[in-house]
Amino acid sequence: MSDKFYVGYNTVHKLIKGLAAKIESEGFDPDVIVAIGSGGFIPARIMKTFINRPIYAVGISYYGVDRKHKSHPTKIQWIDEVQEQLRGKKVLLIDEVDDTRATLAYCVGELLSYQPEEIAVLVLHNKLKKKDVEFPPEIQKYYPALEIGDIWIKYPWDAEDIDEHTECEKKMLEEMKN
Ligand code: G4P
Ligand code: MG
C-alpha cells in the first residue's frame, strides 16, 4: 500500500464540481474567488467553470521569492490594486490542501482587513490532524471536498509523468477497494 495519496486531474475536477453543487445548494453565492497560489490556481479555475466569478490570485508561501524557508507564511504576490473591491463582498477562498492551516489562516486574516461581507474557505483536502492555528470566528463556511489522514498527497500538477501518475491513482483506488 502506497504511503502517498494520488489525486488525478479528473478527480480534482469532480471534487470541485461536487463542492460547486454543495455551495449552490446551501445558497452561498460568492462575488469573487480568491485563489492561493500555486496549489489553489487549478482548483480555482475549475470552480470558475461552475460558478462564473472573477478570480483574484494571491501567492503566499513559507518559501519566499528567495526560496528560503521562513518561520511564517509570507506574501509573494498580493492583490493591493483590488483590495478595495473586496469590501462588502462574499469571497470564496480556494486552496488545494488544509495541512497545518498556517497559510490559509494567514491569508484569511489579511483578507478580513479589507472588510468583506463574508469569507468561505474551500479546499480539496483537509488533513485530519492537529492544526497550528485555527480559523478566526468570522469563518463560518468551510468546504473540504475530502477529509483524509496525515498523508502526503500527490497532486497531478506536480507530476512529471502524468500517465504514470494516473496509473498510480488507479492502482491506489483499486487497492483501497480490496
Ligand atoms: P495550509 O495553510 O494550507 O495548511 O498550508 P501549510 O502552510 O501547512 O502548507 C505548507 C505548504 O505545503 C503549502 O505549499 C501546501 O500546499 C504544501 N502541502 C502540505 N501538505 C501537502 C501535501 O500533502 N501534498 C502537497 N503536494 N503539498 C502539500 P505552498 O507553500 O502553498 O506552495 P504551493 O505548492 O501551493 O505553491
Ligand atoms: Mg499551497
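Since the structure is predicted, the reported quantities are computational estimates derived from the model, not experimental observations.

The helix and strand tally for the protein stands at 4 helices and 8 strands. Along the protein, helices and strands appear, N-terminal first, in the series β-α-β-α-β-β-β-α-β-β-β-α. Against the 2.2 N^0.38 benchmark of 16 Å for 178 residues, the protein shows a C-alpha radius of gyration of 16 Å, consistent with a compact globule. Overall, the C-alpha framework of the protein stretches about 50 × 40 × 30 Å when taken along its three principal axes. Sequence-distant contacts in the protein: of pairs separated by 6 or more residues, those separated by 24 or more amount to 66%.

With that out of the way, let us pick up the site of ligand 1. Surrounding ligand 1, one finds 21 residues, the nearest of these being Ser38, Val97, Asp99, Thr100 and Thr103. Take Asp99: an N or O atom from its main chain is 2.5 Å from an oxygen atom of ligand 1. Starting from 710 Å² of accessible surface for ligand 1 in isolation, the protein chains cover 85%. Of all the secondary structure elements, the ones that give two or more residues to the shell around ligand 1 are β3 (55-63), β5 (90-98), α3 (102-112) and β8 (152-154).

On to the pattern of salt bridges, then. Across all of its chains, the model carries 12 salt bridges by this definition. Salt-bridge contacts for Arg87 lead to Glu84; the nearest nitrogen and oxygen are separated by 3.3 Å. On the basis of relative accessible area, Arg87 is assigned to the partly exposed category, the value being 45%. The partner of Lys129 in a salt bridge is Asp150, and the shortest N-O contact between them spans 3.6 Å. Taken together, the residues Lys129 in the loop between β6 (118-127) and β7 (141-148) and Asp150 in the loop between β7 and β8 connect sequence positions 21 residues apart. By relative accessible area, Lys129 is classed as partly exposed at 28%. Here the residues in one salt-bridge network are Asp98, Arg101, Lys131 and Glu134, joined through shared partners.

Before going further, it helps to examine the nonpolar core. It is characteristic of soluble globular proteins that their nonpolar side chains tend to be buried jointly. Ile16, Met47, Leu92, Ile94, Leu122, Tyr143 and Ile153 are the most contacted members of the largest nonpolar core, which totals 27 residues. Of all the elements in the fold, those that place two or more residues in this core are β1 (4-6), α1 (9-25), β2 (32-37), α2 (41-50), β5, β6 and β7. Element by element, the count of residues in this core is highest for α1, at 6 residues. Residues contacting Leu122, with those up to four places away along its chain left out, are Ile16, Leu19, Met47, Leu92, Leu93, Ile94, Asp95 and Tyr143.

Before going further, it helps to spend a moment on the side chain of Lys131. Considering the arrangement of structural elements, one finds Lys131 in the loop between β6 and β7. Taking the relative accessible area as the measure of exposure, Lys131 reaches 8% and is therefore buried. Within polar-contact distance, the side chain of Lys131 engages the side chain of Asn126 at 2.9 Å. Setting aside chain neighbours within four positions, we find Lys131 in contact with Asp98, Asp99, Thr100, Arg101 and Asn126.

On to the side chain of Ser61, then. Checked against the element boundaries, Ser61 lands in strand β3. Of the residues examined, Ser61 reaches a relative accessible area of 17% and is grouped as buried. When residues no more than four places from it in sequence are discounted, the contact partners of Ser61 are His72, Pro73, Thr74 and Ile76.

Parameters at a glance
- Residues numbered from 1 in each chain as written.
- Chains lettered and ligands numbered in written order.
- Predicted model: local features only at pLDDT ≥ 70, side-chain atom pairs only at ≥ 80, totals over all residues.
- Heavy atoms only, no water.
- Helix = DSSP H or I, 4+ residues; strand = E, 2+ residues; numbered from the N terminus.
- Rg over C-alpha atoms; globule rule 2.2 N^0.38 Å.
- Contact = heavy atoms within 4.5 Å.
- Near = heavy atom within 4 Å.
- Polar contact = N/O pair within 3.5 Å; in protein donor to acceptor, adjacent residues only side chain to side chain.
- Areas by Shrake-Rupley, 256 points an atom, 1.4 Å probe, with all protein chains shown as cover.
- Salt bridge = Lys/Arg side-chain N within 4 Å of Asp/Glu carboxyl O.
- Buried < 20%, exposed > 50% of the residue type's maximum accessible area, 1.4 Å probe, protein only.
- Core = buried A, V, L, I, M, F, W, Y, C linked by side-chain atoms within 4.5 Å.

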